[in-house]
Amino acid sequence: MSSNIEIRKICQDCGNSFIARTTVTKFCSHKCASRNYKKRKRDEKIQQVAPVSVQRMEFNQEQLKDKDFLSIDETCKLLGTSRMTIYRQIKSGNIKAGKIGRRTIIKRTEIDKLFQ
Ligand SMILES: [Zn+2]
């Protein structure tokens, strides 16, 4: 019944236009279809890996909580604020910071004080 229909479509893999015999055809050839299938499978794999890296980041944050001294960067990560915010807090005296050479360090307890 539907064997006579001809639909001009754009191949979802190579982008070439082609004549499709059914409305569900997405690719111009079997080659494109299988290549796109492999690509999709690879993307799925990447997405499965992604949550692991997020977990690893949270783990690092846990480690920061146990440190006595934090760098500006670590403080930013821990509080989820920008470096500017931290520097402003140091300047205004809300957070006391020390210096080792050119590195600014913040005592963990200074951050705890913010919540008292
Ligand atoms: Zn194609």
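Given the structure is predicted, the values throughout are model-derived calculations rather than measurements. (Residues numbered from 1 in each chain as written. Predicted model: local features only at pLDDT ≥ 70, side-chain atom pairs only at ≥ 80, totals over all residues.)

(A) Spatial organisation of the overall build of the protein. Within the protein, the secondary structure is distributed over four helices and five strands. Written out in order from the N terminus, the α and β elements of the protein read β-β-α-β-α-α-β-β-α. The burial tally for the protein puts 6% of its 116 residues in the buried class. (Helix = DSSP H or I, 4+ residues; strand = E, 2+ residues; numbered from the N terminus. Buried ≥ 20, exposed ≤ 12 C-beta atoms within 10 Å, placed from the backbone.)

(B) Expanded view of the sheet that holds strand β4 (residues 97–100). Strand order in the open sheet formed by three strands is β3-β5-β4, and the pairing between neighbours is antiparallel. In the strand order of this sheet, the two ends are held by β3 (69–71) and β4, each with one partner. On average, adjacent strands in this sheet sit at an angle of 40° to one another, irrespective of strand direction. Where β3 lies against strand β5 (residues 103–107), three bridges are found, and the strand directions are antiparallel. Each residue of the ladder has a partner; that of Ser-71, found in β5, is Ile-105. Sitting on the sheet, helix α2 (residues 72–79) is in contact with β3 and β5, with an inclination near 95° to β3. (Pairing = 2+ DSSP bridges. Axes fitted to C-alpha atoms, helices over the stretch in contact; angles between N-to-C directions. Contact = placed C-beta atoms within 7 Å.)

(C) Region of the structure containing the pairing of β5. The sheet contact formed by β4 and β5 spans four bridges and is antiparallel. Bridging across to β5, Lys-99 finds its partner in Thr-104. As consecutive antiparallel partners, β4 and β5 are separated by two residues, and within that stretch Gly-101 has a phi angle of approximately 60°, a positive value.

Remember that the coordinates give geometry; whether it matters functionally is a separate question.
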